[in-house]
Amino acid sequence: MAIAAFTSGLSLVSASALARDTVNIVGSSTVYPFATVVAERFGRSTDFPTPKLESTGSGGGFKLFCAGIGTEHPDITNASRRMKSSEFEMCQRNGVEAITEVKIGADGIVIANSREAEQMDLSLRQVFLALAKDVPDPEGGDTLVANPYAKWSDIDTSLPRKDIRVMGPPPTSGTRDAFVEIAMEGGCKTFEFIKALEKKDMRGICHNMREDGAFIEAGENDNLIVQRLAQDKEMLGIFGYSFLMENSGEIQASTINGVGPTPDTIAAEQYPVARSLFFYIKNAHAGVVPGITEYAREFTSEGAWGDNGYLVDVGLIPNPRDVRMDTAKAVRKLKPMTGNEL
């Protein structure tokens, strides 16, 4: 059955194969810098054209990737979170049945500000109280109220007496998904009455960001947030660790629960807001659009994503060696997902 589906998908894409000879990659803005470095090296060192990359956000990338088989659709999508089961099912419904998942490494999500401003030391609870739409009543009791906190010092007198103003990614971003899942929910669940709720109700509270101007949705380009922080000393921004590393001369990260983001704290999962990064291959396009498997093998080579690989220089936190070896093997075989992993 699986072979028949694969063959059917291959015949569909073969009909329009001559329409494109360049690998088409969409998805996460966080993975984009790593994929760009690999693509540029791949274009220089092989006879294949440099892959075309577009930063659409993880959610937007999955929509494009899962829309169907054929060269009008992307070959690979990057993601700063794992594919959701609903996205896998969308792919299956649209004939994108054989997909290889590639976990490329780890990254931390930072809350940063200008180096000319006071460095913040935040707890997950304080992050939730600063950015959630509804929060526990400061007067006490197990009730929620519209977020009343205007200044950081309103939450805790140890925090700076300045307005809460935080720029962050939009809902289509994997960084946003990971941030609400890890940071917001982590802080939210420190309140026992919320933690005790049914999962759906709990997430409805924990994942709902405030809309009164304290949290400002930026676009998919994290570099724009970094540029704003350099100009506005009162603003904080939420983005991936690699962007902090690239701009460490201008911006600084807040500590979260007393731990700062570093390669060691992220790899050891000591930093509270760490997450894994991925890309996904549309197997039916491999061998039809030239260079897909070769690009994936370059990305998963030790020279690229290994402990001393060139991606480490641009901020990727490598997977453990045994995970890298198993993943590289799966890429060589284009091992398809079953959906049970999600």
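Residues numbered from 1 in each chain as written. Predicted model: local features only at pLDDT ≥ 70, side-chain atom pairs only at ≥ 80, totals over all residues. Heavy atoms only, no water.

Per an unreviewed UniProt entry, the protein chain goes by the name Phosphate ABC transporter substrate-binding protein and belongs to Marinobacter adhaerens.

Caption draft 1: Quick look at helix H4 (residues 85-93). Every buried residue of H4 is accounted for by Glu87, Phe88 and Cys91. Buried residues in H4, looked at end-on, bunch into an arc of 100 degrees, giving them a common side. In the segment just after H4, Gly95 is the residue with positive phi, at about 85 degrees. (Buried < 20%, exposed > 50% of the residue type's maximum accessible area, 1.4 Å probe, protein only. Helix = DSSP H or I, 4+ residues; strand = E, 2+ residues; numbered from the N terminus. Arc of directions from axis to C-beta.)

Caption draft 2: Quick peek at the state of the cysteines. Taken as a whole and judged by the stated rule, the model has 2 disulfides. Between the sulfur atoms of Cys66 and its disulfide partner Cys91 the distance amounts to 2.0 Å. Because the sign of the S-S torsion sets the handedness, a value of about -70 degrees for the bond joining Cys66 and Cys91 places this disulfide among the left-handed ones. Residue Cys66 is located in the loop between helix H3 (58-65) and strand S3 (76-79), and its partner Cys91 is located in helix H4; the two are separated by 25 residues in the primary sequence. When its relative accessible area of 0% is taken as the criterion, Cys66 is described as buried. The partner cysteine of Cys188 in its disulfide is Cys206, sulfur to sulfur 2.1 Å. (Disulfide = S-S within 2.5 Å.)

Caption draft 3: Up close: the domain arrangement of the protein chain. On domain assignment, one finds that the protein chain holds domain 1 (24-107 + 275-333) and domain 2 (108-274). Taking only C-alpha atoms into account, the centre of domain 1 sits 28 Å from that of domain 2. Listed as interface residues are 21 residues of domain 1 and, on the opposing side, 22 residues of domain 2. Summing both sides of the interface, domain 1 and domain 2 together bury roughly 1,400 Å²; the carbon and sulfur share of this comes to 55%. (Domains from an automatic or database assignment. Contact = heavy atoms within 4.5 Å. Buried area = accessible area lost by both parts, 1.4 Å probe.)

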